[in-house]
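Fold and geometry: a report
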Amino acid sequence: MEEKEGIKFYYNRNERLRKLREATGGKRRRFRFLAKGRTRGLLIILVDLLLISGVMYMLNKPANIYMQKTEDGVIYELNVTGIKGKRILIGFSVKNQGQDNLVFSESVPVVVKIEGRNGEVLVLQDIIEENTVLFPDESTSIVFLLGHDELPGSGLVDVYYESSSGPIFSRSVRF
């Protein structure tokens, strides 16, 4: 210990180095988990697996499309959804939004045409029965349930309602 005019200086090298290690050691301890080679390698593998699974999901995610169109107080809806068991559900709905009843005096055809990229065409057809009455806010639906192997990988889906020359919905879909 040295003493100069009432001021005391105390110097202990070992104590100073210990305090220095404690001050910087606290920061190192936070990332000590990542400092070990095995742990860092496991973390890198985990991040890689997460990235690969994200890319695989984006490439193989099931079809999920919803479209809606309103004309003359009637809402038309198209729903293409992939479900468990490698099945695809294609649903078409007609909903009455008007104040009056919507009466189908004769049967109305609904045609779904799926054209694959390879030129393969699949046509699905059903009808809304004659004498069907839709009260205000009431709807009716046509549903097609297809196996994944019956459909092309991707294609253009056109939905025709009544005997219209053009499709009411047209959308490219990956199944």
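Here we summarise the structure given alongside this text. (Residues numbered from 1 in each chain as written. Predicted model: local features only at pLDDT ≥ 70, side-chain atom pairs only at ≥ 80, totals over all residues. Heavy atoms only, no water.)

Turning our eyes to something else, we now look at the packing of aromatic side chains. In this description, an aromatic ring pair is defined by two values, namely the gap between the centres and the angle between the planes. Inspection of every chain in the model, using the stated rule, returns 4 aromatic pairs. Summarising the aromatic geometry, the rings of Tyr-76 and Phe-92 are spaced 6.3 Å apart at their centres and angled 15° between planes, so their arrangement reads as stacked. Within this pair, whereas Tyr-76 is found in strand S4 (residues 74-83), its partner Phe-92 is found in strand S5 (residues 87-96), the two being separated by 16 residues in sequence. The residues Tyr-76 and Phe-92 share a single accessibility class, namely buried. Ring geometry for Phe-92 and Tyr-161: centres 5.6 Å apart, planes at 45°, overall tilted. Remark: Tyr-161 occurs in strand S11 (residues 154-161) and Phe-92 occurs in strand S5; sequence separation between them is 69 residues. Across this residue pair, the class does not change: Phe-92 and Tyr-161 are buried. Ring pairs connect the aromatic residues Tyr-76, Phe-92, Tyr-161 and Phe-169, which therefore count as one cluster. (Phe/Tyr/Trp six-rings, centres within 6.5 Å; stacked < 30°, edge-to-face > 60°. Helix = DSSP H or I, 4+ residues; strand = E, 2+ residues; numbered from the N terminus. Buried < 20%, exposed > 50% of the residue type's maximum accessible area, 1.4 Å probe, protein only.)

On the basis of which strands lie adjacent, the open sheet formed by 4 strands has the order S3-S4-S5-S10 and antiparallel pairing. Strands with a single pairing partner mark the edges of an open sheet, and in this sheet they are strand S3 (64-71) and strand S10 (139-147). With strand direction ignored, the average angle separating the axes of adjacent strands in the sheet is 10°. As judged from the 8 bridges shared by S3 and S4, these two strands associate in the antiparallel manner. In the sheet register, Tyr-66 faces S4, and the bridge partner there is Asn-79. (Pairing = 2+ DSSP bridges. Axes fitted to C-alpha atoms, helices over the stretch in contact; angles between N-to-C directions.)

Keep in mind that these numbers describe shape and distance, not what the molecule does.
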